[in-house]
Amino acid sequence: MKVLLINGSPRSKGNTALALNTVGAELNAAGIQTEMLQIGTKPVSGCIHCGTCRKKQNMKCAIDTDIVNSSIPLLAEADGIVLGSPVHFANMSGNMKGFLDRVFYVSAVNGGLLRHKVGASVAAVRRAGGIHVVDQLNKYLQYNEMLMPNSNYWTLTYGMNPGEVEQDLEGMQVMRMLGKNMAWLLKLVENGKGVVTPPAREDKVYMNFIR
Ligand SMILES: Cc1cc2nc3c(=O)[nH]c(=O)nc-3n(C[C@H](O)[C@H](O)[C@H](O)COP(=O)(O)O)c2cc1C
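By convention here, each chain's residues receive numbers from 1 onward along its written sequence. In view of the model being predicted, local features appear only for residues whose pLDDT reaches at least 70, and side-chain atom pairs are presented and counted only at 80 or more, with totals across whole chains, interfaces and linings using the full set of residues. Only heavy atoms go into the side-chain values, all of them from the structure, while hydrogens and water stay out.

By the naming in an unreviewed UniProt entry, the protein goes by Multimeric flavodoxin WrbA and is assigned to Desulfovibrio litoralis DSM 11393.

Caption draft 1: The sheet that holds strand S5 (residues 156-158), seen in detail. Paired strands, in this sense, are two strands between which DSSP finds at least two bridges. Every helix listed is a DSSP run of H or I at least four residues long, and every strand listed is a run of E at least two residues long, numbered separately from the N terminus. Read from one edge to the other, the open sheet built from five strands follows the order S2-S1-S3-S4-S5, with strand pairing classed as parallel. Single-partner strands in this sheet number two, and they are strand S2 (33-38) and S5. Each strand of the sheet is rotated relative to its neighbour by a mean of 20°, with strand direction disregarded. Note that strand S1 (residues 2-7) and S2 share six bridges and pair parallel. Note on geometry: axes are lines fitted to C-alpha atoms, helical ones only across the stretch in contact, with angles between N-to-C directions running from 0 to 180 degrees.

Caption draft 2: Quick peek at the site of the ligand. Neighbouring residues are identified by heavy atoms, a residue being near a molecule or strand if any of them is within 4 Å of it. Not every one of the 17 residues close to the ligand is listed here, only the nearest: Ser-9, Thr-16, Val-87, Arg-127 and Gly-159. Within 3.5 Å is the distance limit for a polar contact, defined as a pair of N or O atoms, with the added protein rule that one can donate a hydrogen and the other accept it, and that residues adjacent in sequence qualify only through two side-chain atoms. Take Val-87: an N or O atom from its main chain is 2.7 Å from an oxygen atom of the ligand. Here an oxygen atom of the ligand sits 2.7 Å away from a polar atom, N or O, in the main chain of Gly-159. For the shell around the ligand, the elements supplying multiple residues, two or more each, are helix H1 (15-29) and strand S4 (118-125).

Caption draft 3: Quick look at the pattern of salt bridges. Between Lys or Arg on one side and Asp or Glu on the other, a salt bridge is scored when a side-chain nitrogen of the former is within 4 Å of a carboxyl oxygen of the latter. Evaluated as defined, the whole model comprises six salt bridges. The salt bridge involving Glu-35 is made with Lys-2; its shortest N-O contact spans 2.7 Å. In this pair, Glu-35 sits in strand S2 while Lys-2 sits in strand S1, placing the two residues 33 residues apart along the sequence. Classification of Glu-35 by relative accessible area gives partly exposed; the value is 27%. According to the relative accessible area criterion, Lys-2 is partly exposed, its value standing at 30%. Exposed residues in this analysis have more than 50% of their type's maximum accessible area, buried residues have under 20%, and partly exposed residues fall in between, with area computed by a 1.4 Å probe over protein chains only.

Caption draft 4: Fine view of helix H3 (residues 68-77). If you check which residues of H3 are buried, you get Val-68, Asn-69, Ser-71, Ile-72 and Leu-75. Along the axis of H3, the buried residues cluster in a sector spanning 150°; they form a single face. Across from the buried face of H3, at angles greater than 90 degrees, the exposed residues are Ser-70 and Glu-77. Residues of H3 that are buried make contact with S1, S2, strand S3 (80-86) and helix H4 (94-109). Each C-beta atom gives one direction from the helix axis, and the arc is the one those directions make. Note on definitions: a residue-residue contact is assigned when non-hydrogen atoms from the two residues lie within 4.5 Å.

Caption draft 5: Fine view of unusual backbone geometry. Within the chain, Gln-57 stands out as a residue other than glycine whose phi angle is a positive 50°. Take Gln-57: it is sitting in the loop between helix H2 (52-56) and H3. Backbone geometry places His-116, a non-glycine residue, at a positive phi of 70°. Mapping His-116 onto the fold places it in the loop between H4 and S4. Taking the relative accessible area as the measure of exposure, His-116 reaches 23% and is therefore partly exposed.

Below, the structure is given as structure tokens:
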């Protein structure tokens, strides 16, 4: 089994990477492979709501100039994903927002690429906005009917300069527990295949409140 760790920070070796790697170390200890996908180091466009991904049904975004399209197959192949973002003005990073809006929209309108995979979110924060960012990241997992493991606290960790989160002993424990619980959930899902039938997908009912 494999889990993709998605780092939305412009710092590839910053605090978000450390949080993700702490989750990843527990996954590795449980025999699950991990791969880090750095999406914060080069610009990523936002969604331009052109509808091409819905029209073409080719599992691709019409914008082909950044990391989004090459990442979609990696998400499709993974058994699980962990979304990680630094807190920027009490929000996720701009790159992370552009990346997730586009990848998850492509997924949602192309039959649910991520449906029933395991997904979790983490955030690195100096002081305030961390809970909000974990909630924002979780919104994407929830929309796509993903299975979400938890920890013994909300999954954020505190630090400003790279490496400082290691001093947040509680935050590091939260990441370790998330990794352990995620590994267990992944194994439950894997062992349930062919034993417990998952619910069939329903076409989405759109009720736009405008008549
Ligand atoms: C543009 C920008 C905005 C930030 N906004 C916040 C904020 O709203 N609240 C906060 O506590 N920290 C804020 N920070 C600090 C980062 O969240 C913190 O340094 C975090 O550890 C960075 O993670 P990274 O090393 O993975 O990039 C901000 C940093 C930047 C660069």
